[in-house]
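Okay, here's what each chain looks like letter by letter:
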Amino acid sequence: MLTNNSNPATPVIEIRDLHKAYGDLEVLKGVSMTAPRGHVTSLIGSSGSGKSTLLRCANLLEDSQRGEILFEGEPISWKGEGLHRRPSDPKQVMRIRTNLSMVFQQFNLWAHLTVLENVMEAPVTVLGRDRKEVEEKARMYLDKVGIGDKCDVYPAQMSGGQQQRAAIARALCMEPRALLFDEPTSALDPELEQEVIKVIKALAEEGRTMIIVTHDMRMASDISDHVIFLHQGLIEEEGHPSDLFGAPKSERLKQFLSATV
Ligand code: ADP
Ligand code: MG
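Each chain has its residues counted from 1, following the order in which its sequence is written. Each chain gets a letter, beginning with A, and each ligand a number, beginning with 1, in the order they are written. Given that this is a predicted model, residues contribute local features only at a pLDDT of at least 70 and side-chain atom pairs are listed and counted only at 80 or more, while totals for whole chains, interfaces and linings are drawn from all residues.

1. Some thoughts on the nonpolar core
Defined as follows: Think of a nonpolar core as buried Ala, Val, Leu, Ile, Met, Phe, Trp, Tyr and Cys residues chained together by C-beta atoms that fall within 7 Å. Note on burial: count the other C-beta atoms lying within 10 Å of the residue's C-beta; 20 or more is buried, 12 or fewer is exposed, in between is partly exposed, and C-beta positions come from the backbone. Think of it this way: build a C-beta for each residue from its backbone, and any pair within 7 Å is a contact.
Ranked by internal contacts, the top residues of the largest apolar core, which has 66 residues, are A58, V119, A169, A178, L180 and M210. When sequence neighbours within four positions are dropped, the list of residues in contact with M210 reads V40, A178, L179, F181, L203 and A204.

Structure (structure tokens):
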């Protein structure tokens, strides 16, 4: 049951004035953003600016203390306040987590499962889908990311680039409403980075909804519809990549860009 999901104008995720602290450390100080359907939104900013936290709050891996999160127009319902605020509806939490698949910097594949088993695991055990159907889809997604021949090997037998592509196939096999990437290429050698970027670009061209935290300004510039520059838990500047990278306005963004390229 997804509300408004037939209306393409409803963003997959909308975040309004989100606040998040770890103890006394305020990490998000009132951040608002949307992930429109079919769009790629990139989050850039210095280490510690709150990018991962924002992504983790969006799919409810982290609690937040104030502000709203809407999934396909449906506001998360909360109980408690401030540091005690938690989502109140476990079914809603499950629906959101399974519809916003994360791809992490460190791949997070199960070492004791083959690549095919890794991709099949969540659709079968979490979504309760038919094993045969999931296997067919898993093979299709592994083909799509170019490692259809690796079904029966274990993650440790693959390169980092192949492991990350397996992690992307695993996220796709959940058939989520959006993909959330947290620095998907940061752990990879430059030559392996490219094969992962190619896959992410292809997904962008297919019109998938994605939020990508990245250090790779070239990728962000190439594939994003919208780029958000976070600085110390606030959006310092945002806009179309050609404006943000071509004509940055804020001094902090100018500094950040000159330090990263
Ligand atoms: P980024 O992804 O932009 O590098 P993060 O969102 O990971 O930034 O972190 C933002 C800030 O929150 C940093 O100061 C970091 O040390 C802190 N932080 C992140 N996770 C935790 C945690 N689980 N407990 C305490 N502090 C955290
Ligand atoms: Mg991070």
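That was the structure; now back to the text.
2. Looking at the pairing of strand β10 (residues 210-213)
For the record, the criterion: Secondary structure is summarised from DSSP: a helix means a run of H or I of at least four residues, a strand means a run of E of at least two, and numbering begins at the N terminus for each. Pairing between two strands requires that DSSP report at least two bridges joining them.
Of the two faces of β10, both are covered, the one formed by M210 and I212 as well as the one formed by I211 and V213. The pairing of strand β3 (residues 40-44) with β10 spans four bridges and is classified as parallel. Each bridged residue has a counterpart across the sheet, and for T41 the counterpart in β10 is I211. For strand β9 (residues 178-182) and β10, the ladder comprises four bridges, and the chain directions are parallel. Its bridge partner lying in β10, L179 is registered against M210.

3. Brief notes about the sheet that holds strand β1 (residues 13-22)
Read across the open sheet, the four strands follow the order β2-β1-β4-β5; overall the sheet is antiparallel. Here the strands that pair on one side only, and so sit at the sheet edges, are β2 (25-35) and β5 (74-75). Bridge analysis of β1 against strand β4 (residues 66-71) gives five bridges, and the strand direction is antiparallel. Looking at the pairing, E14 lines up with L70 of β4.

4. A look at the packing of helix α3 (residues 115-125) against helix α5 (residues 160-173)
Convention followed: Axes, fitted as lines to C-alpha atoms, cover a helix only where it is in contact. Angles between the N-to-C directions of the axes lie from 0 to 180 degrees. In these notes the angle categories are as follows: under 35 degrees is roughly parallel, over 145 is roughly antiparallel, 65 to 115 is roughly perpendicular, and the rest is oblique. Crossings are classed by handedness, with left-handed meaning an anticlockwise turn of the near helix from the far one by less than a right angle and right-handed meaning a clockwise turn. Residue polarity is assigned by list, with Asp, Glu, Lys and Arg as charged and Ala, Val, Leu, Ile, Met, Phe, Trp, Tyr, Cys and Pro as nonpolar; anything else, Gly included, falls into the polar class.
As a packed pair, α3 and α5 sit with axes 8 Å apart at the nearest point and diverge in direction by 30°. Comparing their axes, α5 and α3 come out roughly parallel. Crossing of α3 over α5 shows right-handed handedness. Side by side, α3 and α5 meet where V115, N118, V119 and P123 of the first sit next to A166, A169, R170 and C173 of the second. Here the residues of the contact of α3 with α5 are counted per class, giving six nonpolar, one polar and one charged.

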